[in-house]
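# Architecture at a glance
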There are 2 protein chains.
Amino acid sequence: MAWTNAKNKALQERARDVIPNGMYGHQSVSLLPDEYPQFFSRGRGCRLWDVDDNEYVDMMCGFGPNLLGYGFEPVEAAALAQQAKGDALTGPSEVMVELAETFVSMIDHAKWAMFCKNGTDATSIAVVVARAQTGRRKILYATGTYHGAAPWCTPRPAGILPEDRAHIVYYQYNDLDSLETAFRQCEGDVAAVIATPFVHEVFRDQVDPEQEFAVGARQLCDKHGALLILDEVRAGFRLARGSSWAKFDVQPDLSAWGKCFANGHPISAVLGSESARKGASAMFTTGSFWFAATPMAAAIETLRHIRESDYMEKMIDAGRRLRDGLQQQAASHGFTLKQTGPVQMPQILFEDDPDFRFGYHWCAETLQRGAYLHPYHNMFVSSAHTLADMNDVLAATDEAFAAVRKNRDAIQPNAALMRVLPARK
Amino acid sequence: MAWTNAKNKALQERARDVIPNGMYGHQSVSLLPDEYPQFFSRGRGCRLWDVDDNEYVDMMCGFGPNLLGYGFEPVEAAALAQQAKGDALTGPSEVMVELAETFVSMIDHAKWAMFCKNGTDATSIAVVVARAQTGRRKILYATGTYHGAAPWCTPRPAGILPEDRAHIVYYQYNDLDSLETAFRQCEGDVAAVIATPFVHEVFRDQVDPEQEFAVGARQLCDKHGALLILDEVRAGFRLARGSSWAKFDVQPDLSAWGKCFANGHPISAVLGSESARKGASAMFTTGSFWFAATPMAAAIETLRHIRESDYMEKMIDAGRRLRDGLQQQAASHGFTLKQTGPVQMPQILFEDDPDFRFGYHWCAETLQRGAYLHPYHNMFVSSAHTLADMNDVLAATDEAFAAVRKNRDAIQPNAALMRVLPARK
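Scope of this entry: the structure provided in the associated data block. Predicted model, so just to flag it, every value in this text is computed and none were measured.

### A closer look at the overall build of chain A
Broken down by element type, chain A carries 12 helices and 13 strands. Since a compact globule built from 425 residues should have a radius of gyration of about 22 Å, the 22 Å found for chain A is in line with a globular shape. C-alpha atoms of chain A, sized along the principal axes, occupy 60 × 55 × 45 Å. Scored against the burial criterion, the 425 residues of chain A give a buried share of 67%. Considering only contacts in chain A between residues 6 or more positions apart, those separated by 24 or more positions represent 76%. Carbon and sulfur atoms make up 49% of the accessible area of chain A, which totals about 14300 Å². Charged side chains in chain A number 42 positive and 51 negative. The centres of these two groups are separated by 3 Å.

The following block contains the structure:
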């Protein structure tokens, strides 16, 4: 069946009336190639169908939540069983204690857990806990990294006031000197350093953390009596079965988790060590659905699979197949790709493509051949991605490389992107 | 079967290790009578079972989300059908457009909708939209009212900085003079006035809005070019099938919704008029699970019942039965109750009970006889509460009144409450 998008276009037309800009947030396709569908009808394993019934191998995994496959049976069964008993009741259920115990047992630094809904809830709570714990104000924040969409961290300035960030002080990721400088500037007033396990930002190559930086950040926090917050929302459980910086022997005081630990069911978490329990006990935060049992039951089952299954090895195998295959294809078609970050969370950009025109064209051609890649955001592999699925992706990308090569001189940059790219660079 | 709480106590013991204070947020029982269970095993209709299998008529409805009954079949069927297709996919599903169209069609002022997870998301987005729309900073906020648990509004100061509230300016609810004074103080810099449809605060009588106040707030906003935000998170769809201030012919520019419009499935919303679309289009906000389809399918079905069923009349009938019955019982036992707010959202306090000792004792006695009342927070009626259920509540409360009367001189105030009450008053 030929690729079509008539139903999607009609829905986008309707959405423009009743949703600002037709869509908001990270799942808006306004900066994607024109062909990208905004609306989807279903998902199964690593496969996704848009509203026009085009089928894709989905390399975005819902922007992270899909870790074990859409509709993964054991997690869905646990969720259904809990939902039949009760979800958002007048108090939490036993699963909340079980989940807290389980999660804490898996994350070396953690002694306690709080559950919430959004990744932004988790990072924002961690910041407030650090301030409550230390009685200090400053949060040291790596320039240009995403920690959520609240006023203290959202990447777009509209509606945000200088006071919202009065005590956010910026350093450069992987640059210990800049972190030391920030500590010196805020002598005695640093509540916490916040960092992602690695740099996973839009429109940029991903950057691995240097061990020296991770270790040094921990030492600086200890020296100055500040807390270290590791923002695992995006990368958590895709790099490791525990804390992402455990490989460096670096333990944060607080960690923020979200997206995938209930395999798509809505829940996020703040985990903390004893060094942050007092602050967590003093502050007040809550949400109408934070104590709901269904996502907690889903999380318990997902964490069990994280501990007991070979999901990680499957993700790595599949991710490596894709990276190696693309590397060969690019070379044979005369292109060079920048494939950065762990293979489980690939960022794929074209070398010598400052306005992203080749990457966009390549993704659009791939899309229409049955694989959903993202031209500027890191992607996500799930354990439902088999080597056969990756071969399907590679079949699509090979033809897409040929199309880019053929059209090379005629390809224009994306107009919507060109309106915002200068501001982003 | 006699009321017991051994299993609950054991779970609370375990929770103290792995959850700050053993529990956080509005569902913590730390300020409730000692008998109150922290953990529940299931819910059905208006009935709730704790982990020791004690059964209650639940007058809290999950603190609001339960509008049509726990496990209400038509909503659960819609949610299950959507969940089987897909929930948190790489983009939204068709139900997002359908939900936005439906919701907007039901709320007079609204022309667009954004969906999120927490009530706090909705109020916080409304504030940022108002600032983005007007290019102004000040938010006029009624002293002592709850609009969520983010730094700009959370009721407890730990971890919160003065800058978080640098541009929050307070007025007195129902006091137009104080609102005018606030406008004068912030001449030309008021982005929005935020208000709840009525005052529904802990430890206080509820207060109905005066028409003069609602109309006057709208006029002051118009005069000064500010937006009016109505925070419907708690009261929405319990007072009216549309906007809660429509009865005054007062339309806000922005309204925040949450809790009950998907009958317990996790979703909240900001609705806006054309006067706020530009600001909503300019700001950036998002969440990992905000585009998930299952709660949207549940919301569409819940909104259909709100439009087409007699759910409202059922809530009012049941609420009135309770209020009238309690009034008679209190009189016959020699007590006076302060029953405030709409009967669908009753607040029930004892007259001449400054440290709440009688209310607490009465609630504890009622609890052990099979009805879950709250001694300091407003309660919620659902359409699953029948007159027979309310008679069961009244049977419990009648015996509880007798117990309070009998023990009157021996009743002591709650120790945990006494540690925090002075700071609250």
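### As for the side chain of A:R234
Residues and elements named next belong to chain A. If you trace the backbone, R234 turns up in the loop between β8 (227–231) and β9 (254–257). Salt bridges are absent for the buried R234, whose nearest opposite-charge side chain, E201, sits at 4.9 Å. Within the structure, R234 has its side chain in polar contact with the side chain of N378 (distance 2.8 Å). Residues contacting R234, with those up to four places away along its chain left out, are Y146, H200, K259, M345, H377, N378 and F380.

### Notes on the packing of helix α5 (residues 176–185) of chain B against helix α6 (residues 211–224) of chain B
Residue and element names in this part refer to chain B. It is at 10 Å that the axes of α5 and α6 come closest, and there the two elements cross at 15 degrees. Relative to α6, α5 is oriented roughly parallel. α6 is crossed by α5, and the crossing has right-handed handedness. Here α5 contributes L176, L179, E180 and F183 to the contact with α6, which in turn contributes E212, F213, G216, A217, L220, C221 and H224. When the residues that make up the contact of α5 with α6 are grouped by side-chain class, the tally is seven nonpolar, two polar and two charged.

### Comments concerning the packing of aromatic side chains
Inspection of every chain in the model, using the stated rule, returns 43 aromatic pairs over all chains. With 5.5 Å between their ring centres and 65 degrees between their planes, A:F350 and A:W362 make a pair best called edge-to-face. Note that A:F350 is positioned in strand β12 (residues 347–350) and A:W362 in helix α10 (residues 357–367), a separation of 12 residues in sequence. Taking 5.1 Å as the distance between ring centres and 70 degrees as the angle between the ring planes, the aromatic pair formed by B:F203 and B:F356 counts as edge-to-face. Linking B:F203 in the loop between β7 (190–195) and α6 with B:F356 in the loop between β12 (347–350) and α10 (357–367), this pair joins segments that are 153 residues apart in sequence. Grouping residues by exposure puts B:F203 and B:F356 together as buried. Taken together, B:Y171, B:Y173, B:F213, B:W245 and B:F248 form an aromatic cluster joined through their ring pairs. Sitting over the face of the ring of A:F358, A:R408 holds its NZ or CZ atom 5.1 Å from the ring centroid.

### So, the environment of A:E98
With respect to the helices and strands, A:E98 occurs in helix α3 (residues 94–106). In the structure, A:E98 is positioned 198 residues away from A:M296 in sequence and 8.8 Å away in space, judged by C-alpha atoms. Look past the residues within four positions of A:E98 in its chain and what remains in contact with it is A:I300 and B:R14.

### Here we look at the sheet that holds β7(B)
Residue and element names in this part refer to chain B. Strands sit in the order β4-β10-β9-β8-β7-β5-β6 across an open sheet of seven strands; the sheet is mixed. The open sheet has two edge strands with one neighbour each: β4 (112–116) and β6 (168–171). Each strand axis lies, on average, 20 degrees off the axis of its neighbour in the sheet, ignoring direction. The pairing of β4 with strand β10 (residues 268–272) spans five bridges and is classified as antiparallel. From the neighbouring strand, A113 faces β10, where its bridge partner is L271. In the packing of α6 onto the sheet, the strands contacted are β6, β7 and β8 (227–231), and the crossing angle to β8 comes to about 145 degrees.

### Brief notes about a negative patch on the surface
All names here are of chain A. On the surface, a cluster of negative charge is contributed by D177, E180, E210 and E212. Assignment of secondary structure puts D177 in helix α5 (residues 176–185). Assessed through its relative accessible area of 55%, D177 is described here as exposed.

### Some thoughts on the relation of the copies chain B and chain A
Least-squares fitting of chain B to chain A yields an RMSD of 0.0 Å, with the superposition described by an axial translation of 0.0 Å and a rotation of 180 degrees. Expressed as an axis order, the relation between the two copies is that of a two-fold axis. Rotation axis and chain B: the residue whose C-alpha lies nearest the axis is B:E163, separated from it by 2.7 Å. Comparing interface residues between copies, 100% of those in chain B also sit at the interface in chain A, which points to an isologous, same-surface contact.

### Considering helix α11 (residues 387–407) of chain A
If you check α11(A), its first and last C-alpha atoms are 30 Å apart, about what 21 residues at 1.5 Å a residue would give, namely 30 Å. When we look at burial in α11(A), the residues that qualify are A:D389, A:M390, A:V393, A:L394, A:A396, A:T397, A:A400, A:F401, A:A403 and A:V404.

### Digging into the pairing of strand β3 (residues 55–58) of chain A
All names here are of chain A. Strand direction decides the pairing type here: strand β2 (residues 47–50) and β3, joined by three bridges, are antiparallel. Among the inter-strand pairings, L48 is bridged to a residue of β3, identified as Y56. Hairpin geometry of β2 and β3 is characterised by an intervening segment of four residues between the two adjacent antiparallel strands and by a positive phi of about 70 degrees at D53.

### Remarks on the pattern of salt bridges
Residues and elements named next belong to chain A. Applying the stated rule across the entire model yields 40 salt bridges over all chains. Close ionic contact of R218 with D222 constitutes a salt bridge, the shortest N to O distance being 2.8 Å. Of the two residues, R218 and D222 both sit in helix α6 (residues 211–224), four residues apart, roughly one turn of that helix. The exposure class of R218 is buried, given its relative accessible area of 13%.

### Overview of the interface of chain B and chain A
Contact residues are listed per partner, giving 94 residues for chain B and 94 residues for chain A. Summed over both sides, the interface between chain B and chain A buries roughly 8300 Å², with carbon and sulfur atoms accounting for 58% of that surface. It is B:Y24, B:T90 and B:F284 in chain B that bury the most area against chain A; as a group they hold 11% of the surface buried on that side. Across the chain B-chain A interface, the total number found is four salt bridges. For A:E101, the salt bridge goes to B:R14, with nearest N and O atoms at 2.8 Å. The interface formed by chain B and chain A holds 42 residue pairs in polar contact (both at pLDDT 80 or more) in total.

### So, unusual backbone geometry
A positive phi angle, close to 55 degrees, is found at A:K259, a residue other than glycine. Tracing the backbone shows A:K259 in the loop between β9 and β10 (268–272). Non-glycine residue B:D249 carries a positive phi angle of around 60 degrees. Considering the arrangement of structural elements, one finds B:D249 in the loop between β8 and β9 (254–257). For B:D249, a relative accessible area of 72% gives the class exposed.

### What to know about the sheet that holds strand β1 (residues 40–44) of chain A
Here four strands make up an open sheet; going across it, the order is β1-β2-β3-β13 (chain A) and the pairing mixed. Each end of this open sheet is capped by a strand with a single partner; those strands are β1 and β13 (371–372) of chain A.

### A few points about α5(A)
Residues and elements named next belong to chain A. Within the sequence span of α5, burial applies to S178, L179, A182 and F183. Considered in projection along α5, the buried side chains sweep an arc of 145 degrees and stay on one side of the axis. Seen from the buried face of α5, the exposed residues on the opposite side, beyond 90 degrees, are D177, R184 and Q185. Among the residues of α5, the N-terminal cap falls to D175, whose side-chain oxygen and the backbone nitrogen of D177 are separated by 3.0 Å.

Rules behind the numbers
Residues numbered from 1 in each chain as written. Chains lettered and ligands numbered in written order. Predicted model: local features only at pLDDT ≥ 70, side-chain atom pairs only at ≥ 80, totals over all residues. Heavy atoms only, no water. Helix = DSSP H or I, 4+ residues; strand = E, 2+ residues; numbered from the N terminus. Rg over C-alpha atoms; globule rule 2.2 N^0.38 Å. Buried < 20%, exposed > 50% of the residue type's maximum accessible area, 1.4 Å probe, protein only. Contact = heavy atoms within 4.5 Å. Areas by Shrake-Rupley, 256 points an atom, 1.4 Å probe, with all protein chains shown as cover. Lys, Arg positive; Asp, Glu negative; His and termini not counted. Charge placed at Lys NZ, Arg CZ, Asp CG, Glu CD. Salt bridge = Lys/Arg side-chain N within 4 Å of Asp/Glu carboxyl O. Polar contact = N/O pair within 3.5 Å; in protein donor to acceptor, adjacent residues only side chain to side chain. Axes fitted to C-alpha atoms, helices over the stretch in contact; angles between N-to-C directions. Parallel < 35°, antiparallel > 145°, perpendicular 65-115°, else oblique. Left-handed = near helix turned anticlockwise from the far one by under 90°. Nonpolar A, V, L, I, M, F, W, Y, C, P; charged D, E, K, R; others polar. Phe/Tyr/Trp six-rings, centres within 6.5 Å; stacked < 30°, edge-to-face > 60°. Lys NZ or Arg CZ within 6 Å of the ring centre and 35° of its normal. Pairing = 2+ DSSP bridges. Patch = residues over 30% accessible without salt bridge, like charges linked within 9 Å, V, L, I, M, F, W, Y side chains within 5 Å. Least-squares fit on C-alpha atoms with pLDDT ≥ 70 in both. Expected span 1.5 Å × (residues − 1). Buried area = accessible area lost by both parts, 1.4 Å probe. Arc of directions from axis to C-beta.

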